[in-house]
Amino acid sequence: MNALVIAALLLVLLTVSYQVGWSRSRKLADGKDTRLHSRPIYHGVLAALFAVLPAIVIIGLWALFSQSVTNSFILAQLPAEVAQQEPFAVQSAIARVQAIASGYGVIGEPTAAETAAASAYASFQQLSFLGVIAAAAALGAGGLFWAQRRIAPRLRARTEVEIFVRLALIACSTVAILTTLGIVLSLLADALRFFSFINPLDFFFGTTWNPRFQSAGTGSAGEYGLLPLLWGTVMISIIAMLVAVPIGLMSAIYLSQYAHERVRSVVKPIIEILAGIPTIVYGFFALVTVGPFLSGLGEAIGIDIRATSALTAGVVMGIMIIPFISSLSDDILGQVPRTMRDGSLGLGATQSETIRKVLLPAALPGVVGAVLLAVSRAIGETMIVVLAAGNSPVLRANPAEPTSTVTVSIVNQLTGDADFTSPQSLVAFALGLTLFAMTLLLNVLALYIVRKFREQYE
Amino acid sequence: MTDTVLPGAAAGAQNRERVRKSLSRRHRNEILFRWAGILSIAAALGFVAILFGMILSKGLPSFWQSTVHVEAFFDPELIEGGPRPVLADFPSPADHQQAVNEWQRAVTLSNWNRIVETALRAEAPDFEIETRDLLELVTSSARFQLRDMYFANPDVLGQTMPVSILASANTDNWLKGTIDRSQPDERQQLAATTRTLADQFEENGTISFDFAWHIFTNVDSRSAPATAGLAGAFMGSLYMMIVVIVLAVPIGVASAVYLEEFAPKNRLTDLIEVNINNLAAVPSIVFGLLGAAVFINYFGLPRSAPLVGGLVLTLMTLPTIIIATRAALRAVPPSLRQAALGLGASRNQTVFHHVLPMTYPGVLTATIIGVAQALGETAPLLLIGMSAFIANIPAGPLDSATALPVQIYLWQGNENRNFFEARTSAAIIVLLGLMLLLNAIAIFLRSRLEKRA
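Residues numbered from 1 in each chain as written. Chains lettered and ligands numbered in written order. Predicted model: local features only at pLDDT ≥ 70, side-chain atom pairs only at ≥ 80, totals over all residues.

Right, let's get into the overall build of chain A. Along the backbone of chain A there are 16 helices and two strands. Here chain A has a C-alpha radius of gyration of 32 Å; the compact-globule value for 458 residues is 23 Å, and the former is much larger. Considering only C-alpha atoms, chain A reaches an extent of 85 × 80 × 35 Å along its principal axes. Taken across its 458 residues, chain A has 41% of its residues classed as buried. (Helix = DSSP H or I, 4+ residues; strand = E, 2+ residues; numbered from the N terminus. Rg over C-alpha atoms; globule rule 2.2 N^0.38 Å. Buried ≥ 20, exposed ≤ 12 C-beta atoms within 10 Å, placed from the backbone.)

Within chain B, the secondary structure is distributed over 18 helices and three strands. The C-alpha radius of gyration of chain B comes to 33 Å, more than 25% above the 22 Å expected for a compact globule of 453 residues. Along the longest, intermediate and shortest principal axes, the C-alpha atoms of chain B span 115 × 75 × 45 Å. Residues counted as buried form 41% of the 453 residues belonging to chain B. Put simply, 78% of the contacts in chain B that link residues at least 6 apart link residues at least 24 apart. (Contact = placed C-beta atoms within 7 Å.)

Attention shifts here to the domain arrangement of chain B. Residues and elements named next belong to chain B. Along its sequence, chain B is carved into domain 1 (8-60), domain 2 (63-226) and domain 3 (231-452). Just the C-alpha atoms count here: the centres of domain 2 and domain 3 sit 43 Å apart. Listed per partner, the contact involves 15 residues of domain 2 and 13 residues of domain 3. Broken down by secondary-structure element, the contributors of at least two residues to the side of domain 2 that touches domain 3 are helix 6 (169-176) and helix 8 (214-217). Its residues assigned to classes, the side of domain 2 that touches domain 3 shows seven nonpolar, five polar and three charged. (Domains from an automatic or database assignment. Nonpolar A, V, L, I, M, F, W, Y, C, P; charged D, E, K, R; others polar.)

Further remarks concern helix 5 (residues 142-152) of chain B. Residues and elements named next belong to chain B. Along helix 5, the residues classified as buried are Ala142, Arg143, Gln145, Leu146 and Tyr150. Buried residues in helix 5, looked at end-on, bunch into an arc of 165 degrees, giving them a common side. The exposed residues of helix 5 that point more than 90 degrees off its buried face are Asp148 and Ala152. Where helix 5 is buried, its residues touch strand 1 (64-73), helix 2 (93-108), helix 3 (112-123) and strand 2 (160-166). (Arc of directions from axis to C-beta.)

Turning our attention to the packing of helix 1 (residues 2-29) of chain A against helix 5 (residues 112-150) of chain A. All names here are of chain A. The geometry of helix 1 relative to helix 5 is characterised by a closest axis approach of 10 Å and an angle of 10 degrees between their N-to-C directions. In terms of their interaxial angle, helix 1 and helix 5 are classed as roughly parallel. On the side of helix 1, the interface is formed by Asn2, Val5, Leu9, Leu13, Ser17, Val20, Gly21 and Arg24, while helix 5 contributes Phe129, Ile133, Ala136, Ala137, Gly140, Leu144, Ala147 and Gln148. A breakdown of the residues in the contact of helix 1 with helix 5 according to their chemical character gives 10 nonpolar, five polar and one charged. (Axes fitted to C-alpha atoms, helices over the stretch in contact; angles between N-to-C directions. Parallel < 35°, antiparallel > 145°, perpendicular 65-115°, else oblique.)

This part is about the packing of helix 6 (residues 157-197) of chain A against helix 11 (residues 284-298) of chain B. Running from N to C, helix 6 of chain A and helix 11 of chain B cross one another at 70 degrees; their axes reach a closest spacing of 9 Å. The angle between helix 6 of chain A and helix 11 of chain B falls in the class roughly perpendicular. Facing A:Gly182, A:Ile183, A:Ser186, A:Leu187 and A:Asp190 of helix 6 of chain A, the residues of helix 11 of chain B in contact are B:Val286, B:Leu289, B:Leu290, B:Ala293 and B:Val294. Among the residues forming the contact of helix 6 of chain A with helix 11 of chain B, the class breakdown is seven nonpolar, two polar and one charged.

Further remarks concern the domain arrangement of chain A. Considered domain by domain, chain A is made up of domain 1 (2-155) and domain 2 (214-456). Distance between the C-alpha centres of domain 1 of chain A and domain 2 of chain A: 51 Å.

A few words now on the interface of chain B and chain A. Many descriptions give the size of an interface as the accessible area lost when the pieces come together. Between chain B and chain A, the contact holds 64 residues from the first and 67 residues from the second. Those elements that provide at least two residues to the side of chain B that touches chain A are helix 1 (8-59), helix 9 (231-262), helix 10 (267-279), helix 11, helix 12 (306-330), helix 16 (379-383), helix 17 (404-412) and helix 18 (417-452) of chain B. The element that contributes the greatest number of residues to the side of chain B that touches chain A is helix 1 of chain B, accounting for 18 residues. Class assignment for the residues of the side of chain B that touches chain A results in 44 nonpolar, 16 polar and four charged.

With that settled, the discussion passes to the environment of A:Ala313. All names here are of chain A. Within the secondary structure, Ala313 is located in helix 11 (residues 310-335). For Ala313, a count of 36 C-beta atoms within 10 Å gives the class buried. When the C-alpha positions of Ala313 and Trp22 are compared, they lie 64 Å apart, and in sequence the two are 291 residues distant. Those residues in contact with Ala313 that sit more than four places away from it in its chain are Ile236, Ala286, Ile384, Val385, Ala388 and Ala389.

Next up on the list: unusual backbone geometry. The phi dihedral of A:Asn391 falls on the positive side, at around 50 degrees, and the residue is not glycine. Within the secondary structure layout, A:Asn391 lies in the loop between helix 14 (383-388) and helix 15 (406-414). Taking the C-beta count within 10 Å as the criterion, A:Asn391 has 18 such neighbours and is therefore assigned partly exposed. Even without being glycine, B:Ser304 reaches a positive phi, approximately 65 degrees. Along the chain, B:Ser304 falls in the loop between helix 11 and helix 12.

A few words on the environment of A:Ser102. Considering the arrangement of structural elements, one finds A:Ser102 in helix 4 (residues 87-102). Each C-alpha atom, one on A:Ser102 and one on A:Ser119, is 9.7 Å from the other, the two residues being 17 residues apart in sequence.

Residue and element names in this part refer to chain B. If you walk across this open sheet you meet the three strands as 2-1-3, and the pairing is antiparallel. Edge strands, defined here as strands with exactly one partner in the open sheet, are strand 2 and strand 3 (207-211). Across the sheet, the axes of successive neighbouring strands diverge by a mean angle of 40 degrees, strand direction being ignored. With five bridges joining them, strand 1 and strand 3 adopt antiparallel strand pairing. Residue pairing across strands places Trp64 opposite Phe211, the latter belonging to strand 3. (Pairing = 2+ DSSP bridges.)

Further remarks concern the confidence of the model for chain A. As a note on interpretation, predicted positions should not be read in detail where pLDDT is low. Across chain A, the average pLDDT comes to 87, with 95% of residues at or above 70. Taken element by element, chain A is modelled with least confidence in helix 3 (residues 80-83) of chain A, mean pLDDT 75, and with most confidence in helix 8 (residues 227-258) of chain A, mean pLDDT 94. (pLDDT = per-residue confidence, 0-100.)

The next point concerns the nonpolar core. Ranked by size, the top nonpolar core spans 214 residues in total, and within it A:Val316, A:Ile325, A:Ala374, A:Ile384 and B:Leu289 carry the most contacts. Of the residues forming this core, the biggest block, 18 residues, is contributed by helix 8 of chain A. Those residues in contact with A:Ile325 that sit more than four places away from it in its chain are A:Ala244, A:Val245, A:Gly248, A:Leu249, A:Ala370, A:Val371 and A:Ala374. (Core = buried A, V, L, I, M, F, W, Y, C linked by C-beta atoms within 7 Å.)

Now for the environment of A:Ile410. All names here are of chain A. Relative to the elements of secondary structure, Ile410 occurs in helix 15. A count of 30 C-beta atoms within 10 Å places Ile410 in the buried class. Sequence spacing of Ile410 and Ser425 is 15 residues, and the spatial spacing of their C-alpha atoms is 8.5 Å.

Shown next, in the form of structure tokens:
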């Protein structure tokens, strides 16, 4: 209802002001000897901007602050001792009044004070909404009036509209900065709150991960040693790289150096299908197919391999990363100058010698950069490890045993009804910060190496 | 050259011999290297084949589900509540509505299980089986199905109607053999008599494998797993994708246009560029943390809402769209800009009237790739509470909902492993099918747009 009224108001303002700007500017130019600086369209858009923007600002301010204003209004209506309670009790008192006012009723008999507050709140709500709508409409009308008075043949309407468009473009491109800022600030703030419970040294160098949930009744905060998780992450990433780098690199080499063009045009897209498959599908694949297969294989050769283990997760993650490595290596091999290859072949080296002794050493920095990028993907990967790593945060070296990673623990700690006040859920942000820092470092390093490599051959 | 080279014919022969030896070794290495490449490609292709083979072989049978075809007798002695109240008998529509509600309550309280039981027994008159075991044969929502039939058409009272009832998940397992049929009784989920009856029904055609349309039309269900479907998750994903398209495309294209066409070369521009490249590589789960901390905790938006999920996925998709749009803008020949500027167009007009339209195919492809990526994303959604069990179709972007990949995550964890392994694969087929469809649309539109341009 409210949203409809607001949308209708804005729509009316928009059409009316555009029409006014457009027709007035046309009338100025019609039949007389004057020529407009800008076409009528720009006058229309300018008028619309003048009318709609102030209205949007008013409504936006209201949307931002109505919650806190409403809360303090309701508190003012209630007896003074209500406001002196715990924040949680105050919130529930406010929620009660709002529920009474909305007509749905509440559990238990409302007190006289509550009923009075509710009726005052109901009328306040109506009045404030009407007031905001009226203010927005009035400001919009004022803006329109001013805009249409400014309309003159020499008004630089197009320039002004273009300045506005430019500002809007700048605002859009700052979203990226705001996102990074939001990530860093929210992670930092909540991680610092976590460190007020737990000593950072215990977090970064602790070897036990055991966040006791409060429902266990122990009352203690639990132990939050990062090392088991970090080790699990590193171990799985290493296994993934052991699978992905040889297969990805060799397929890229074969496809770009040996394969017939027709083979290449069929095989390359098929391998790249692997890149588009959602990670949850890989997780399911690991759980249902790869895990049992590896454990059966282990049984056959006499090694105890668990179905959900670092090995399972690592192998499947490696499969996921193959197309990443192969397409990046393909690009990089393509950038090595042809003359180097021809020179080596001309001196009588075989094709494989040329590749191993000339192309690969020349492309090495680029390949290293690609592998680093792949590692940063492996570290941040979540769903495969949630399903296939076995969720056992214990420090062990055997990859055939279940393990756990940083990402798995983030999911475990923050899924469910988290309250953002206990160390049990806040630790997710400390883990997230660690993860963010690690991937950022790897990416910056990788991009630096790749860029250096490109410059070498340009 | 060096002292190893001997003079004369003897030296030539010796050198040739050395070269021949090393040559055969080098050629062997060449062949080995080639084979290593072929094996790697075979391995990669093999993984694709195994992955799809596993999902299709597990998931496709799930689309054909065992269904029991019976004749249900709507017994007037069992169905309570009498005839449906008629509007004319009441002073006001409100009174009528109230009477209808009471009638529905009375009807619901009737012994519908008895009707299901009678219908099933009629198919196997001589078979001795306990009522409890007999009802295990069909899904527990069979009684609601019959009740809803009666609600929709009260005239069936006293008549016998043909009804198709889904067999229970356990019956489906037994008939499809997804549970080991040779296991002893105590390890089976169904009683021995129920299993025999199921086999008998399959033989005489009472149970057939029908296409399971309800996978697309029903919502998730815990009490009647056989009826669980994807409709709720699909709507949740749809709302999120709408949010992503509405927000990410304009913002992404605008940033790309600014950075590529207008931005001065200064510190701020560099900062934005570095930022975008880094955001593209931030793990998705970190975006989930951002959503939990900022959208839910700070702005107080509701948990489990597709709006929040859509916002988080928008931030994730933005870098993809920006980077691809910039590449498309860079590919527009500078002569076009020079021509427009030379004819007196302003810079804005040049960009928006002439340069940007050339990039539509690129922007479109980027959008669809971004949306497909967002459609398959699971981890950030778990952190903003979209993994809750939701038993209705969300009516708007602020209702609690789940999403297709999250539904896959929830189903793979279901305790009825035998049944839900197939159901999860079916959900994966639906998800991959949607992604394939998106990519096909992208390729189609792209070729059309490029032809026109």
